[in-house]
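Single-letter residue listing:
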Amino acid sequence: MCVQELKAQADDMDDTLQALSGMRGYFHFAQKKGYSGVGVYSRREPSDVIVGFDGGEFDGEGRCVETRFDRPGQAFSVISAYFPSGSSGDERQDAKYRFLDAFLPHIRRLMAERTVVLCGDLNIAHQNQDLKNWRSNQKNSGFLPEERAWLTGLLADGALVDVYRRLHPNTEAECYTWWSNRGRAWDNNVGWRLDYHLASKVLAETAQAAAVYKDQRFSDHAPLTIQYNWAW
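The structure reproduced in this document is the subject of the present report. Each chain has its residues counted from 1, running along the sequence as written. Local features in this predicted model are restricted to residues whose pLDDT is 70 or higher, and side-chain atom pairs enter the listing and the counts only when it is 80 or higher, whereas totals over whole chains, interfaces and linings include all residues. Side-chain measures were taken over the full set of non-hydrogen atoms in the model, leaving aside hydrogen atoms and water.

## As for the sheet that holds strand S6 (residues 64-68)
Stage number 1. Should DSSP find at least two bridges between two strands, the strands are taken to pair. Put simply, DSSP H or I for four residues or longer makes a helix, DSSP E for two residues or longer makes a strand, and each gets a number counted from the N terminus. Taken in spatial order, the 6 strands line up as S5-S6-S7-S8-S12-S9 in an open sheet, and their pairing is mixed. At either end of the open sheet lies a strand with only one pairing partner, and these are strand S5 (48-51) and strand S9 (160-162). In this sheet, adjacent strand axes meet at a mean angle of 15 degrees when their direction is disregarded.
Stage number 2. Taken together, the 5 bridges between S6 and strand S7 (residues 76-82) define a ladder with antiparallel strand orientation. Each residue of the ladder has a partner; that of Glu-66, found in S7, is Ile-79. What counts as an axis is a line fitted to C-alpha atoms, over the stretch in contact for a helix, and the angles between N-to-C directions run from 0 to 180 degrees.

Okay, here's the thing in structure tokens:
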């Protein structure tokens, strides 16, 4: 189970948060209190945990943790990532572009070496069907042409697959995972699909079901669950 935007520090994680339902947590906390942070909960103990990805600007923001589950002949990684939002202004949008530029070679290197599943809040709606009001959002962060092109390029060769879209290529309103707290976006399902499982092709092909859990509202995001018929 991958979580993002913890807004917590290590000292905040008491025993009730260090482990959930028999799953132990592995985290990357932001240096700034009350900001960002990601985690992976697993019933299996990882063979390695890599906190951060670039050794620079974004590692201080707590945006990526990779848990490795390796055994002879098989290298497998579960990555929880929280991409920056640029909605607060040009400065953060520029930071978002820097993040994308730094993250692309990192994930491509991992893809070449390992089976991966990247779970997270990408803060990008990829296609028109991924948000309710796509026409009026074409100049807004999260649906800018440059952001969408980055994701298109990442998926272009088919080595990494948008698993939800593989299972549900034509869904629209059912796919949203984020709703603004303004107005009545949740009540009217004026949403965006910002949360993804991006998986290596060999793993994505085993995906059997995908669902966005909306029976209870936990935050402005809803959990995305994918069921894979794949063992390691």
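The structure having been displayed, the exposition proceeds.
## Notes on the sheet that holds strand S2 (residues 19-20)
Stage number 1. Spatially, the 4 strands line up as an open sheet ordered S1-S4-S3-S2, and their pairing is antiparallel. Looking along the sheet, the strands with just one partner apiece sit at the ends: strand S1 (2-4) and S2.
Stage number 2. As judged from the 2 bridges shared by S2 and strand S3 (residues 23-28), these two strands associate in the antiparallel manner. Considered in S3, the bridge of Leu-20 is made with Met-23.

## As for the packing of aromatic side chains
Stage number 1. Pairing of aromatic side chains requires ring centres within 6.5 Å, counting the rings of Phe and Tyr and the six-membered ring of Trp. Pairs whose planes differ by under 30 degrees are stacked, by over 60 edge-to-face, and all others tilted. As enumerated under the stated definition, the model contains 14 aromatic pairs in all.
Stage number 2. Following the ring pairs from residue to residue traces out a cluster consisting of Phe-53, Phe-58, Phe-83, Phe-99, Phe-103 and Trp-150.
Stage number 3. Whether a charge lies above a ring is judged from NZ of Lys or CZ of Arg, which has to be within 6 Å of the ring centre and within 35 degrees of the ring normal. Sitting over the ring of Tyr-35, Lys-32 keeps its end group 5.0 Å from the ring centre.
Stage number 4. Between the NZ or CZ atom of Arg-63 and the centre of the ring of Tyr-82, over which it lies, the distance is 4.8 Å.

## Thoughts on the nonpolar core
For soluble globular proteins, nonpolar side chains are generally found buried alongside one another.
Stage number 1. Formed by 26 residues in total, the largest nonpolar core has its most connected members in Phe-76 and Val-117.
Stage number 2. Contributing elements (two or more residues each) for this core: strand S4 (38-42), S7, strand S8 (115-121), helix H4 (163-167), helix H5 (201-204), strand S13 (207-212) and strand S14 (224-228).
Stage number 3. Contacts of Val-117, omitting those with residues within four sequence positions, involve Phe-76, Ser-77, Val-78, Ile-79, His-197, Leu-198, Ala-199, Leu-203 and Tyr-228.
Stage number 4. The definition of a nonpolar core used throughout is a set of buried Ala, Val, Leu, Ile, Met, Phe, Trp, Tyr and Cys residues joined through side-chain atoms within 4.5 Å. A simple rule labels every residue: compare its accessible area, found with a 1.4 Å probe on the protein chains alone, to the largest value its type can have, and call it buried under 20%, exposed over 50%, or partly exposed in between. Counting residues in each nonpolar core, the second largest holds 25 residues, with Ile-107, Leu-118, Trp-150 and Leu-160 among its members. Contacts between residues were defined by any pair of non-hydrogen atoms, one from each residue, lying within 4.5 Å.

## Examining unusual backbone geometry
Leaving glycine aside, a negative phi is the common case for residues, and trans is the common case for peptide bonds.
Stage number 1. Unusually for a residue other than glycine, Glu-5 sits at a positive phi of about 55 degrees.
Stage number 2. One non-glycine residue, Asn-123, lies in the positive phi region at around 55 degrees.
Stage number 3. If you trace the backbone, Asn-123 turns up in the loop between S8 and helix H3 (145-155).
Stage number 4. For Asn-123, a relative accessible area of 11% corresponds to the buried category.

## Quick look at the state of the cysteines
Stage number 1. In this description, the term disulfide denotes a pair of cysteine sulfurs within 2.5 Å. In total, this model carries 0 disulfides according to the counting rule given.
Stage number 2. As a non-bridged cysteine, Cys-64 has Cys-2 as the owner of its nearest cysteine sulfur, 10 Å distant.
Stage number 3. Under the relative-accessibility criterion, Cys-64 is labelled buried at 2%.
Stage number 4. No disulfide involves Cys-175; its sulfur sits 17 Å from that of Cys-119, the nearest cysteine.

## Some remarks on helix H2 (residues 90-113)
Stage number 1. The span one expects for a helix is its residue count, reduced by one, times 1.5 Å. Compared with an ideal rise of 1.5 Å per residue, which puts 24 residues at 34 Å, H2 spans 35 Å between its outermost C-alpha atoms and is within 8% of the ideal.
Stage number 2. Most pronounced at Phe-103, the bend in H2 amounts to some 25 degrees, and the proline Pro-105 follows within four residues.
Stage number 3. Among the residues making up H2, those that are buried are Gln-93, Ala-95, Lys-96, Phe-99, Leu-100, Phe-103, Leu-104, His-106, Ile-107, Leu-110 and Met-111.
Stage number 4. Against the buried residues of H2 lie S6, S7, S8, H3 and S9. Note on bend: at a given residue it equals the angle between the axes fitted to the 7 residues ending there and to the 7 starting there.

## Thoughts on the environment of Thr-225
Stage number 1. When you line up the elements, Thr-225 lands in strand S14.
Stage number 2. The exposure class assigned to Thr-225 is partly exposed, which follows from its relative accessible area of 43%.
Stage number 3. As for Thr-225 and Tyr-196, which are separated by 29 residues in sequence, their C-alpha atoms are 9.5 Å apart.
Stage number 4. In this structure, Thr-225 is in contact with Ala-209, Ala-210 and Ala-211, ignoring residues within four places of it in sequence.

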